[in-house]
Structure formats: structure tokens, C-alpha cells
Amino acid sequence: MGRGLHVAVVGATGAVGQQMLKTLEDRNFEIETLTLLSSKRSAGTKVTFKGEEYTVQEAVPESFEGVHIALFSAGGSVSQSLAPEAVKRGAIVIDNTSAFRMDENTPLVVPEVNEGDLHKHNGIIANPNCSTIQMVAALEPIRKAYGLQKVIVSTYQAVSGAGNEAAKELYSQTKAILNNEPAEPSIMPVKGDKKHYQIAFNAIPQIDKFQDNGYTFEEMKMINETKKIMHMPKLEVAATCVRLPIETGHSESVYIELDRDDATVEDIKQLLKEAPGVTLQDDPAEQLYPMPADCVGKRDVFVGRIRKDLDRANGFHLWVVSDNLLKGAAWNSVQIAESLQKLNLV
Ligand code: NAP
Ligand code: 3JN
């Protein structure tokens with residue numbers, strides 16, 4: 001603690017990278033030297049951080065000389081090639097991609113849930129998928145008190161999760177449709193996949209590519225990452241991930257079955273009211289519940305619509321909403337960096 005750090009942001013011009021810079025600024029994270037990196041395309045771009053102008057540089061192995069913390073959000077292949085180069089030069093990498101998440105020597109961390117796993121890192125710490133993060137932050141306090149057997153989640157995900165180009169496609173397509181002009185989809189649901197579909201005024205039940213088992217990669221990330229973060233390899237998890245024409249803010253309908261069958265809705269509400277990083281917004285009489293439009297720019301995970309299942313005494317339904325670019329990505333990464341400082345690991 002106390003020393004100014006050399007921080008590098010890889011993917012600084014992207015949707016996550018931009019929020020990374022805003023979060024570092026909002027948190028007044030102590031930075032002595034800041035290095036902003038992107039691909040060749042954006043090298044030379046000027047970016048303002050805390051009133052000072054920085055020039056974005058092309059990310060190459062030598063960019064990491066003297067770096068203490070490298071925040072990566074430039075896609076899995078960039079992390080695969082450059083994260084080991086950063087570690088070789090003494091940096092701790094906090095990686096937002098799926099490249100190392102399931103590697104057994106890489107901790108996958110949501111500080112409210114498994115901060116202690118940071119003690120076992122080998123240079124790289126993985127930030128989970130945005131949809132996983134907000135769900136486990138809401139489930140952990142409930143698991144601690146009542147145990148957890150099963151999770152079934154359906155997501156309602158915003159386009160910004162797929163990057164800046166996807167968010168632009170939502171706007172240009174919406175505008176074109178409203179003007180009765182052609183709106184050829186070119187990015188959604190997955191850039192480079194066989195087919196593209198309209199996202200404006202639509203719901204697309206595909207996020208990331210299909211796997212051989214019929215689930216999408218996003219669904220498999222939620223399933224596998226949840227088990228790893230919660231240290232529950234036998235937890236039953238099923239997921240259906242859907243993209244909606246929302247700019248920012250992921251929502252999730254989550255059904256859970258607990259080990260115990262004596263919890264009440266009031267018990268669950270009380271646990272979530274006291275949980276770190278969670279805001280309870282649940283009052284049907286006042287039509288109070290979380291919505292993505294209200295969570296944009298906020299760091300917490302918002303939970304509401306808590307109901308006991310009508311058939312199973314150990315079953316509960318929750319509605320979980322969060323800013324996918326903040327708690328789902330940038331804030332969770334900066335929070336990991338803050339945890340490393342707190343634990344004297346950097
Ligand atoms: P984006 O808006 O498309 O931005 C991509 C960023 O990566 C840009 O800064 C881009 O630089 C940079 N980049 C691309 N190729 C590069 C290369 N070869 N070398 C260095 N930089 C390169 O995407 P995003 O939404 O910010 O997401 C970026 C990545 O973060 C995703 O691919 C994903 O792995 C991860 N992500 C994680 C979560 C999560 O759930 N935790 C959520 C969203 C994204 P240019 O400007 O030069 O193109
Ligand atoms: O689509 C979303 O809402 C979240 C997307 C995250 C994402 C996008 C491209 C590549 C990821 C991720 O973090 O899981 C990746 C990836 O690194 O696999």
C-alpha cells in the first residue's frame with residue numbers, strides 16, 4: 001500500500017477499457033504511471049485521464065516493462081499472447097477475457113465471494129464473465145446461510161456486452177427501421193458467425209458461439225465459472241442467455257434451490273440488504289424492482305422480485321440487474337486491484 005503504481009490498460013479504446021479508465025478515476029486509484037494500449041488501429045488516439053492527455057500505443061511485449069498491474073480487455077487471443085509477456089516482466093495481469101478463467105492455476109475472482117483465492121495466483125487473475133459476476137454476488141450471501149443445490153438462470157443481456165461496434169449497430173439499426181430504411185445486420189449476435197440477425201426490436205437467444213452440446217459459449221461460461229468461483233463443482237447450474245435491444249445493464253431471472261427449506265422471503269431480503277456490493281430493491285406494493293435503465297453507471301448488483309417457489313419449499317425466484325460494463329467488467333477488475341493492494345499482494 002502507499003506506493004504509486006504503474007498501471008497498463010490493454011484495450012483502452014474499447015467499451016470495457018473506457019469504463020476501466022472511468023472507474024480508476026472515480027475510485028481515485030493511486031497511479032504513478034499510466035500506459036494505454038490498443039491495436040495498431042487506434043495507436044495515436046488521445047485519451048484524457050484525470051485532466052491529463054495520454055496517447056494510446058500499440059500493445060507489444062515491451063509495453064509491459066516496469067508495469068505493476070496490467071488490466072486486459074482486448075479479447076482472448078490478445079490475452080493469450082500478451083498476458084504471459086506482461087507476467088514475464090513482473091506485472092500482475094487482471095484479465096477480463098475467458099482465456100485463463102478455467103485454468104486451474106488462475107484464480108477467478110469476485111471479491112465479495114472469493115477474495116481469498118487471490119493468495120494463490122501465478123501472475124494472472126481472471127475476471128469472470130459479466131453475467132456470472134452479478135449472479136454469484138447475489139447468490140453467495142444466500143448460499144452461506146442456507147446452502148445451495150441448484151441454479152436455473154435466464155439472462156436478458158444488453159448489447160454493450162458485445163463491444164462498441166454492437167452498441168453502434170443497435171442505434172443505427174433502430175434509426176434505419178424507424179425511417180423505413182434497410183438495416184442489414186452485420187454484427188449481432190456474434191461478429192464473424194455464419195448468420196447475423198436484427199437486434200433492434202428483437203430478442204436473440206444466442207450469445208457467443210454454439211458448442212457441441214447445444215449450449216452457447218456464454219451459457220457454458222456461466223455454468224462453469226459459477227461452480228469454480230463458489231467452490232462448488234457439484235452445484236447444478238443451467239443457463240439460457242438472451243440478447244435484448246438494451247444499450248447497458250444485464251438482467252437475470254434466477255431460480256434457486258437451497259439445502260434448507262426453512263428460509264422465508266423476509267430472511268432472504270435481510271441477507272441481501274446486508275450483503276456487500278448488493279442493493280435490495282424489492283417492494284411490490286410500491287412497484288419497486290431493479291431495471292437496467294436505473295443501474296447504468298452504478299457499481300452495485302441490484303436484486304428484487306424475491307419470491308418463494310409455489311411448489312418447492314427450498315425454491316426461490318430472484319431478479320438480478322447490474323451494469324455489465326462496471327460490476328460485470330471494469331469495476332470488478334479495479335476491485336480486484338484494490339483487493340491486491342489491501343492484501344499486500346502487489
Ligand atoms: P470493444 O469495444 O470491441 O474493444 C476492443 C478493444 O480491444 C479495443 O480497445 C481494441 O483496440 C482492443 N484490441 C483489439 N485487438 C487488439 C490487439 N490485437 N491488440 C491490442 N488491443 C486490441 O470490446 P469490449 O467490449 O471492450 O471487450 C473487449 C474484451 O473484453 C472482449 O473481447 C472480452 O474478452 C472482454 N469482455 C469481458 C466482459 C466480461 O464479461 N467480463 C465483458 C465484455 C468484454 P482498437 O481500438 O485498436 O481496435
Ligand atoms: O456478451 C456479453 O454480454 C458479455 C460478453 C463477454 C465477452 C465477449 C467477447 C469475448 C467475453 C467474455 O468476457 O466472456 C469474451 C471472451 O473473452 O470470451
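Residues numbered from 1 in each chain as written. Chains lettered and ligands numbered in written order. Predicted model: local features only at pLDDT ≥ 70, side-chain atom pairs only at ≥ 80, totals over all residues. Heavy atoms only, no water.

Let's talk about the site of ligand 1
By nearness alone, 26 residues border ligand 1, and Thr13, Ala15, Ser39, Ser42 and Cys130 come closest of all. Here Ser39 contributes a side-chain N or O atom positioned 2.5 Å from an oxygen atom of ligand 1. Its free accessible area being 910 Å², ligand 1 has 77% of it covered by the protein chains. Elements with a minimum of two residues in the shell around ligand 1: helix H1 (15-26) and helix H9 (326-342). Across the shell around ligand 1, the residue classes tally to eight nonpolar, 16 polar and two charged. (Near = heavy atom within 4 Å. Polar contact = N/O pair within 3.5 Å; in protein donor to acceptor, adjacent residues only side chain to side chain. Areas by Shrake-Rupley, 256 points an atom, 1.4 Å probe, with all protein chains shown as cover. Helix = DSSP H or I, 4+ residues; strand = E, 2+ residues; numbered from the N terminus. Nonpolar A, V, L, I, M, F, W, Y, C, P; charged D, E, K, R; others polar.)

Quick look at the nonpolar core
One recurring pattern in soluble globular proteins: nonpolar side chains tend to sit buried together. Residues Ile256 and Ile268 are the most contacted members of the largest nonpolar core, which totals 41 residues. No other element matches helix H4 (residues 130-146), which puts eight residues into this core. If we skip the residues at most four places from it in the chain, Ile268 touches Ile142, Tyr146, Leu258, Ala263, Ile306, Phe316 and Leu318. The next biggest cluster of nonpolar side chains, apart from the first, holds 33 residues, and it includes Met20, Tyr54, Ile69 and Leu326. (Core = buried A, V, L, I, M, F, W, Y, C linked by side-chain atoms within 4.5 Å. Buried < 20%, exposed > 50% of the residue type's maximum accessible area, 1.4 Å probe, protein only. Contact = heavy atoms within 4.5 Å.)

So, the pairing of strand E4 (residues 52-55)
Pairing of strand E3 (residues 46-49) with E4 involves four bridges; the strand directions are antiparallel. Along E4, the bridge assignment pairs Lys46 with Thr55. Linking two consecutive strands that pair antiparallel, namely E3 and E4, is a turn of two residues; a positive phi of about 50° is found at Lys50 within it. (Pairing = 2+ DSSP bridges.)

Here's the deal with the sheet that holds strand E2 (residues 31-38)
Taken together, six strands build an open sheet; the order of strands is E5-E2-E1-E6-E7-E8 and the sheet is parallel. Since the sheet does not close on itself, it has two edges, and those belong to strand E5 (57-58) and strand E8 (124-126), each with one partner. Pairing between strand E6 (residues 69-72) and strand E7 (residues 92-95): four bridges, direction parallel. Along E7, the bridge assignment pairs Leu71 with Ile94.

Description of the sheet that holds strand E13 (residues 301-308)
Strand order in the open sheet formed by six strands is E10-E9-E11-E14-E13-E12, and the pairing between neighbours is mixed. Two strands in the sheet have a free side with no partner beyond their single neighbour: strand E10 (236-243) and strand E12 (278-280). This sheet shows a mean twist of 20° between the axes of neighbouring strands, independent of strand direction. Relative to strand E14 (residues 315-322), E13 is paired through six bridges, and the arrangement is antiparallel. Each residue of the ladder has a partner; that of Val301, found in E14, is Ser322. (Axes fitted to C-alpha atoms, helices over the stretch in contact; angles between N-to-C directions.)

Considering the site of ligand 2
Not every one of the 13 residues close to ligand 2 is listed here, only the nearest: Ser98, Arg101, Lys221, Arg243 and His250. Backbone polar atom of Asn96 to an oxygen atom of ligand 2: 3.4 Å apart, as the coordinates give it. A distance of 2.7 Å separates an oxygen atom of ligand 2 from a polar side-chain atom of Arg243. Surface burial for ligand 2 is 77%, taken as the share of its 420 Å² of free accessible area covered by protein chains. Residue composition of the shell around ligand 2, by class: two nonpolar, seven polar and four charged.

Topic: the pattern of salt bridges
Within this structure, the stated rule accounts for 18 salt bridges. Notably, a salt bridge pairs Lys22 with Asp26, separated by 2.8 Å at the nearest N-O pair. Residue Lys22 and its partner Asp26 are both found in helix H1; the two are separated by four residues, about one turn of the helix. Glu112 is the partner of Lys327 in a salt bridge, and the nearest nitrogen-oxygen pair spans 2.8 Å. You can see Lys327 sitting in helix H9 and its partner Glu112 sitting in helix H3 (residues 111-114), a full 215 residues away along the chain. (Salt bridge = Lys/Arg side-chain N within 4 Å of Asp/Glu carboxyl O.)

Overview of the packing of aromatic side chains
Summed over all chains, the structure comprises three aromatic pairs. With centroids separated by 6.2 Å and ring planes inclined at 75°, the aromatic side chains of Phe49 and Tyr54 adopt a geometry described as edge-to-face. Looking at Phe49, the relative accessible area reads 4%, which means it is buried. Overall, Tyr54 belongs to the buried group, its relative accessible area being 18%. (Phe/Tyr/Trp six-rings, centres within 6.5 Å; stacked < 30°, edge-to-face > 60°.)

Some words on the layout of surface pockets
Of the voids in this model, the second largest pocket is the one considered here, and its volume is about 200 Å³. If you trace the second largest pocket, you find 17 residues lining it, with Gln19, Val296, Asp323, Leu325 and Leu326 closest to the centre. Put simply, the parts of the chain that give the lining of the second largest pocket at least two residues each are H1 and helix H5 (164-178). The greatest single-element share of the lining of the second largest pocket, amounting to five residues, is contributed by H1. (1 Å grid on protein atoms, 1.4 Å probe; cavity = no way out; pocket = protein on both sides within 12 Å on 5 of 7 lines; lining within 4 Å. Points joined across faces, edges and corners; volume = space filled by probe spheres on them.)

Topic: the packing of H4 against helix H7 (residues 265-274)
Where H4 contacts H7, the axes come no closer than 9 Å and their chain directions differ by 120°. It follows that H4 is oblique to H7 by the angle criterion. Seen from above, H4 lies across H7 with right-handed handedness. In contact with Ala138, Pro141, Ile142, Ala145 and Tyr146 of H4, H7 contributes Asp267, Ile268, Leu271 and Leu272. When the residues that make up the contact of H4 with H7 are grouped by side-chain class, the tally is eight nonpolar, no polar and one charged. (Parallel < 35°, antiparallel > 145°, perpendicular 65-115°, else oblique. Left-handed = near helix turned anticlockwise from the far one by under 90°.)

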